[in-house]
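Each chain, letter by letter, is given below.
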Amino acid sequence: MELSKAKRVVVKVGTSTLTYENGKMNLRRMERLCKVLTDLQNAGREMILVSSGAIGVGMGRLGLRVRPLETEKKQALAAVGQCELMFMYDKFFGEYHQPVAQVLLTADVVEQPRSRRNVENTFRELLQMGIIPIINENDTVATEELAGSHFGDNDTLSAVVAQLSEADALVILTDIDGLYDSDPRKNPHAQRIPVVEEITEEIRALAGGAGSSRGTGGMATKIKAAELANQQGIPCCVVSGENPHILYELLDGAQVGTIFVGRSRYNA
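Everything quoted here is computed from the prediction, not taken from an experiment. (Residues numbered from 1 in each chain as written. Predicted model: local features only at pLDDT ≥ 70, side-chain atom pairs only at ≥ 80, totals over all residues. Heavy atoms only, no water.)

Caption draft 1: Summary view of the pattern of salt bridges. Taken as a whole and assessed by the stated rule, the structure comprises eight salt bridges. The shortest N-O distance in the salt bridge between Arg 116 and Glu 120 comes to 3.6 Å. With Arg 116 and Glu 120 both in helix α6 (residues 113–128) and four residues apart, this pair spans about one turn of that helix. Here Glu 120 falls in the partly exposed class, since its relative accessible area comes to 25%. Across the salt bridge formed by Arg 204 and Glu 227, the nearest N and O atoms sit 2.4 Å from each other. Remark: Glu 227 occurs in helix α9 (residues 219–231) and Arg 204 occurs in helix α8 (residues 201–205); sequence separation between them is 23 residues. Overall, Glu 227 belongs to the partly exposed group, its relative accessible area being 24%. Several salt bridges share partner residues, and in doing so they unite Lys 12, Asp 155 and Lys 222 into one network. (Salt bridge = Lys/Arg side-chain N within 4 Å of Asp/Glu carboxyl O. Helix = DSSP H or I, 4+ residues; strand = E, 2+ residues; numbered from the N terminus. Buried < 20%, exposed > 50% of the residue type's maximum accessible area, 1.4 Å probe, protein only.)

Caption draft 2: Spotlight on a nonpolar patch on the surface. A surface patch of nonpolar side chains, amounting to about 230 Å² of accessible area, comprises Leu 62, Leu 64 and Val 80. Relative to the assigned elements, Leu 62 resides in helix α3 (residues 54–62). (Patch = residues over 30% accessible without salt bridge, like charges linked within 9 Å, V, L, I, M, F, W, Y side chains within 5 Å. Areas by Shrake-Rupley, 256 points an atom, 1.4 Å probe, with all protein chains shown as cover.)

Caption draft 3: Representation of the environment of Tyr 248 within the structure. Mapping Tyr 248 onto the fold places it in helix α10 (residues 246–251). Judged by its relative accessible area of 24%, Tyr 248 falls in the partly exposed class. Remark: the alpha-carbon pair of Tyr 248 and Leu 37, spanning 211 residues in sequence, is separated by 9.5 Å.

Caption draft 4: Region of interest: the nonpolar core. Ranked by size, the top nonpolar core spans 39 residues in total, and within it Leu 105, Ile 135, Val 161, Leu 170 and Phe 260 carry the most contacts. Those elements giving two or more residues to this core turn out to be β2 (46–51), β3 (100–105), α5 (107–111), α6, α7 (154–164), β5 (169–174), α9 and β7 (236–240). Ranked by residues supplied to this core, first place goes to α7 with six residues. In this structure, Ile 135 is in contact with Ile 48, Leu 49, Val 50, Ser 51, Val 103, Leu 105, Phe 123, Leu 157 and Val 161, ignoring residues within four places of it in sequence. Core analysis: the second largest hydrophobic core is formed by 37 residues, Met 30, Met 47, Val 57 and Met 86 among them. (Core = buried A, V, L, I, M, F, W, Y, C linked by side-chain atoms within 4.5 Å. Contact = heavy atoms within 4.5 Å.)

Caption draft 5: Looking closely at the side chain of Lys 12. Along the polypeptide, Lys 12 turns up in strand β1 (residues 8–13). For Lys 12, a relative accessible area of 5% puts it in the buried group. A distance of 2.9 Å separates the side chain of Lys 12 from the side chain of Asp 155, its partner in a polar contact. Beyond its immediate chain neighbours, meaning those up to four positions away, Lys 12 contacts Val 50, Ser 52, Asn 154, Asp 155, Ser 158, Val 171, Ile 172 and Leu 173. (Polar contact = N/O pair within 3.5 Å; in protein donor to acceptor, adjacent residues only side chain to side chain.)

Caption draft 6: Looking closely at the pairing of β5. By the criterion of burial, β5 is predominantly enclosed, with six of the six residues buried. The alternating pattern of β5 places Ala 169, Val 171 and Leu 173 and Leu 170, Ile 172 and Thr 174 on opposite faces, both of which are buried. Bridge analysis of β1 against β5 gives five bridges, and the strand direction is parallel. When the bridges of β5 are listed, Lys 12 appears paired with Ile 172. Pairing analysis gives five bridges linking β5 to β7, with the strands arranged parallel. Of the residues in β7, the one forming a bridge with Leu 173 is Val 239. (Pairing = 2+ DSSP bridges.)

Caption draft 7: Structural view of the packing of aromatic side chains. In total, this model carries one aromatic pair according to the counting rule given. With a centroid separation of 6.2 Å and 35 degrees between ring planes, the pair formed by Tyr 89 and Phe 93 is classed as tilted. Remark: Phe 93 and Tyr 89 occur in helix α4 (residues 71–95); sequence separation between them is four residues, near one turn of the helix. Like Tyr 89, the residue Phe 93 is buried in the burial classification. (Phe/Tyr/Trp six-rings, centres within 6.5 Å; stacked < 30°, edge-to-face > 60°.)

Honestly, it's all geometry; don't read function into it.
The following block contains the structure:
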C-alpha cells in the first residue's frame, strides 16, 4: 500500500476543522488548506474537496452558539452558510489561480442510475479541466423528512464521492489524529492505531460517540465511511486537520493518522 501512488484524492474537511468554537470561520486554516490542495494539484494530482460547514458557518454568521433542532432553521442556516463558505473558498483558491466548482448533492440523486451517471460525468469533466470540485450535501432540501434524500453526514458523502469519482484515496481531516484504542480525551495512555487491516465489531466499538457541537459526525461515521470506501478498494485515512500540511506527509508515504486499508488496490 503506497498512498504516494494515489493520483485522484478526495479530501473531506469537517466543520470542527473549518471553524472556531464560537462558530466563526478559521480563516488561517482554510487558507492553508486551499494552498496545500492547489499545490498538490499543481504537482499532478487530481484533488476533490468534500466540505462540511454550511450550517456551522451559518451559525457563526448569525451569531448562534447552539445548533438548532428545527429542520427549517437548519435549512435556513445552511443556505446562509453555504453562500459564505463558497465565497471564502473561491477567494482563497483564487489567490493561487486555482479554479473551483460547487457541487451540491442529495442521496436520491446518486441512487438513481441516470442522475448518478450525470454526476459521474460532471466530476470527470471538471477534473479533466483542472478544476477542483467542492462538494457538500444540499442541506437546504436534504432532510430526514425527505425519504432517500439525506446522506446523514458528510463522512458518508465523502465515501460516496470517492466511489463516484473513482478516487485512489479518501482522506478525512478531523479534530483527532486517528483512531485510538481508548478515548484519548479521557485516557492519557491511549494509543493511536496506525493501520486497520479490517473493520471488525471490535474496531467499531472503539468509535465512541458524536463529534463536536458544531458538526454531526464522530469517529463512528468515519469508520462507516472507511468501510464504504474500502468496499470499492479505496484506502481511507483519518488524520488531524489542525495543520493541512499533513497532507504532504501522508501523500509522501509517511505514517500519520489511521489508515483503513481494506482490500486496497495498493495491497501487495
